[in-house]
Amino acid sequence: MKLKPFKVEQWMNEYEMDAINNIAETCVDSISLKELLQLTGTPEADFFKELSEKKLTYGYITGNPDLKNAISSLYKNLTSDDILTTNGGIGANNLILQAIVDRGDKVVSIIPTYQQLYSIPESIGADVTVVYLEKEKNYLPDMELLKRVVDDNTKLIALNNPNNPTGAIIPEELMKEIVELARKHDTYVLCDEVYRGLNQDGSYQSSIADLYEKGVGTSSMSKVFSLAGLRLGWIATKNIELMKKLESHRDYSIISCGMLDEIIAAHALGNKDKLLERNLGIIKENLEILDNWIKEHPRFSFVKPKAGTTALVYYDFDINSYDFCIGLMEHSKTLVTPGDCFEYEKSFRIGYAASREVLIKGLEMLADYSEKIK
């Protein structure tokens, strides 16, 4: 395997810890364990006493049953048997790609997306076709184009929904068209769903795991539930054959997730309504702040996101996105992510789900910087 540099992760690794105004962060404003317990009305002393008495074994190999039951409640037709826990959403995607894709397989990846979904298949030696989403089409897949590139040799279609970095949602009817195309060619569909549950209008979004017998969805505790520090994700699929293969591959790479992490995650998801109420409130308020800022600054534009925590913002300055973002960091320690990390030029990804104060300050610095470079 020869992996390409993971552009977005390398960017964050280099600059995130130095940022004062971090509006590149993609999680809804993260919370502490203390804040989680306060939010859920859980007595700290009782919780920590029970936690402190746990023997630190490997725990449940395929996932804590309470956690798997809680995760399955996020879907319409899944049970705990259809869930496999992983080390973050990134671990879930990696495990699926390693289990499904072989050298010489044909993979169709819809971008912009998380780079894993096309770079890992490339590293395995798959024949990867990328299909670009267009701003003019609100970043929705073109079915006629997909029908031209997906055929009987296609092993996997990879996408994410809601989309990273644009915040677009593929409507369920369009997802069903993608499912029918995949079913026609007996093709797996991997859908990274780490922002699922954060629709601006509060509507329910069906998972690929509920829509398709060869569909496999991934998610995590990071984005929607503000608990990235748990490093806990999961795979959801009703495909029994694939689940057995995933469990076999998992023996070589994970064995099990941290038992304390899974206990905390189970507690959080057991109180998911309280967490979601908090986080939906943050993204709704903050997106309006960002939208108003865009309207007041005509040299910037975007397609207003419908879900998630990120937006792809375009600018009309004659400067590439890496230089633009580095200049912004040097100007005021304000961090956004270059659009070139997602193969889209003269743009940047902004994470608008930080605290309200951080977002407002970051946008002020962005406006000041743009005045200096124009």
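Residues numbered from 1 in each chain as written. Predicted model: local features only at pLDDT ≥ 70, side-chain atom pairs only at ≥ 80, totals over all residues. Heavy atoms only, no water.

**Student:** Explain the sheet that holds strand β3 (residues 106-111) to me, please; I cannot follow it from the model alone.
**Tutor:** The strand order across the open sheet built from seven strands is β2-β8-β7-β6-β5-β3-β4, with neighbouring strands paired in mixed fashion. On the outer flanks of this sheet lie β2 (83-86) and β4 (127-132), each paired with one strand and no other. The mean angle between the axes of side-by-side strands here comes to 20°, regardless of whether they run parallel or antiparallel. Note: β3 against β4, six bridges, orientation parallel. Following the sheet pairing, Lys-106 is matched in β4 by Asp-127. Set on the sheet, helix α5 (residues 88-100) makes contact with β2, β5 (154-160), β6 (188-192), β7 (215-220) and β8 (233-236); between it and β7 the angle comes to about 155°. Most of the contacts of helix α10 (residues 240-253) go to β2, to which it runs at about 25°, and overall it touches β2, β6, β7 and β8. (Pairing = 2+ DSSP bridges. Helix = DSSP H or I, 4+ residues; strand = E, 2+ residues; numbered from the N terminus. Axes fitted to C-alpha atoms, helices over the stretch in contact; angles between N-to-C directions. Contact = heavy atoms within 4.5 Å.)

**Student:** It is not clear to me how the environment of Ala-265 should be interpreted in this structure. Could you clarify?
**Tutor:** By the secondary structure assignment, Ala-265 is in helix α11 (residues 259-270). You can call Ala-265 buried: its relative accessible area is 0%. Sequence separation between Ala-265 and Val-194 is 71 residues, and the spatial gap between their C-alpha atoms is 15 Å. (Buried < 20%, exposed > 50% of the residue type's maximum accessible area, 1.4 Å probe, protein only.)

**Student:** I would appreciate a short explanation of the packing of helix α1 (residues 7-15) against helix α13 (residues 321-332) in the present structure.
**Tutor:** Axis separation between α1 and α13 bottoms out at 12 Å; the angle between their running directions is 20°. Taken together, the axes of α1 and α13 are roughly parallel relative to one another. α13 is crossed by α1, and the crossing has right-handed handedness. Contacts between α1 and α13 involve Lys-7, Trp-11 and Tyr-15 on the former and, on the latter, Tyr-322, Cys-325, Ile-326 and Met-329. (Parallel < 35°, antiparallel > 145°, perpendicular 65-115°, else oblique. Left-handed = near helix turned anticlockwise from the far one by under 90°.)

**Student:** Is there a simple way to think about the side chain of Asn-199 in this case?
**Tutor:** Here Asn-199 is to be found in the loop between β6 and α9 (208-211). Taking relative accessible area as the criterion, Asn-199 reaches 2% and is therefore assigned buried. In contact with Asn-199, not counting residues within four places along its chain, are Pro-162, Ile-169, Tyr-204, Gln-205, Leu-280, Lys-306 and Ala-307.

**Student:** Before we go on, may I ask you to explain the layout of surface pockets in this structure?
**Tutor:** Unfilled space is identified by rolling a water-sized probe across the atoms. In this model, the largest pocket occupies a volume close to 540 Å³. Lining of the largest pocket is provided by 26 residues; of these, Glu-9, Thr-26, Tyr-114, Lys-223 and Arg-231 occupy positions nearest its centre. Among the elements of the structure, α1 and α5 are those that each provide at least two residues to the lining of the largest pocket. In terms of residue class, the lining of the largest pocket is built from nine nonpolar, 10 polar and seven charged. (1 Å grid on protein atoms, 1.4 Å probe; cavity = no way out; pocket = protein on both sides within 12 Å on 5 of 7 lines; lining within 4 Å. Points joined across faces, edges and corners; volume = space filled by probe spheres on them. Nonpolar A, V, L, I, M, F, W, Y, C, P; charged D, E, K, R; others polar.)

**Student:** I tried to follow the sheet that holds strand β12 (residues 337-338) on my own but got confused; where do I start?
**Tutor:** Neighbouring strands of a sheet are bound in pairs by backbone hydrogen bonds; such pairs are parallel or else antiparallel. The antiparallel open sheet is built from four strands, whose spatial order is β9-β10-β13-β12. Looking at which strands have only one partner, the edges of the open sheet turn out to be β9 (300-301) and β12. By the bridge criterion, five bridges tie strand β10 (residues 310-315) to strand β13 (residues 347-351) in an arrangement that is antiparallel. Each bridged residue has a counterpart across the sheet, and for Leu-312 the counterpart in β13 is Arg-349.

**Student:** Looking at this structure, how should I read α5?
**Tutor:** Each turn of an α-helix holds 3.6 residues, which means side chains three or four residues apart point in the same direction. With 13 residues, α5 ought to run about 18 Å at 1.5 Å a step, and its terminal C-alpha atoms sit 19 Å apart, in line with that. Within α5, 10 of the 13 residues are buried, which leaves the element mostly enclosed by the surrounding structure. Residues Gly-88, Gly-89, Gly-91, Ala-92, Asn-93, Leu-95, Ile-96, Leu-97, Ala-99 and Ile-100 constitute the buried set of α5. (Expected span 1.5 Å × (residues − 1).)

**Student:** What is the right way to look at helix α14 (residues 356-373) in this model?
**Tutor:** For α14, with 18 residues, the first-to-last C-alpha span of 26 Å sits near the 26 Å given by 1.5 Å per residue. On its buried face, α14 is in contact with β1 (21-22), α12 (272-296), β9, α13, β11 (334-335) and β13.

**Student:** Please clarify how empty space enclosed by the protein should be interpreted in this entry.
**Tutor:** Taken as a whole, this structure holds one cavity of 30 Å³ or more when the rule is applied. The calculated volume of the largest cavity comes to roughly 50 Å³. If you go around the largest cavity, the residues you meet are Ile-110, Leu-133, Tyr-139, Leu-140, Leu-159, Asn-160, Asn-163, Ala-168, Ile-169 and Ile-170. Considering only residue class, the lining of the largest cavity consists of eight nonpolar, two polar and no charged.

**Student:** How should I be thinking about the packing of helix α2 (residues 33-40) against helix α3 (residues 44-52) in this particular structure?
**Tutor:** Helix-helix packing is described using two parameters, namely the angle between the two axes and the distance between the axes. The geometry of α2 relative to α3 is characterised by a closest axis approach of 10 Å and an angle of 125° between their N-to-C directions. As the angle between them shows, α2 and α3 are arranged oblique. Considering the relative orientation of α2 and α3, their crossing is right-handed. Contacts between α2 and α3 involve Leu-33, Lys-34, Leu-37 and Gln-38 on the former and, on the latter, Glu-44, Phe-47 and Phe-48. When grouped by side-chain class, the residues that make up the contact of α2 with α3 number four nonpolar, one polar and two charged.

**Student:** Whenever I open this one, unusual backbone geometry confuses me. Can you help?
**Tutor:** The general pattern is negative phi for most residues beyond glycine and trans for most peptide bonds. Cis geometry is adopted by the peptide bond preceding Pro-162, which originates at Asn-161 and carries an omega value of 0°. As for its position among the elements, Pro-162 is in the loop between β5 and α8 (172-184). Residue Pro-165 is bonded to the preceding Asn-164 through a cis peptide linkage, with omega at 20°. With a phi close to 60°, Tyr-139 is a non-glycine residue in the positive phi region. Using a relative accessible area of 2% as the deciding quantity, one classes Tyr-139 as buried. Although it is not a glycine, Ser-226 sits at a positive phi angle of roughly 65°. Its relative accessible area of 1% is what places Ser-226 among the buried residues.

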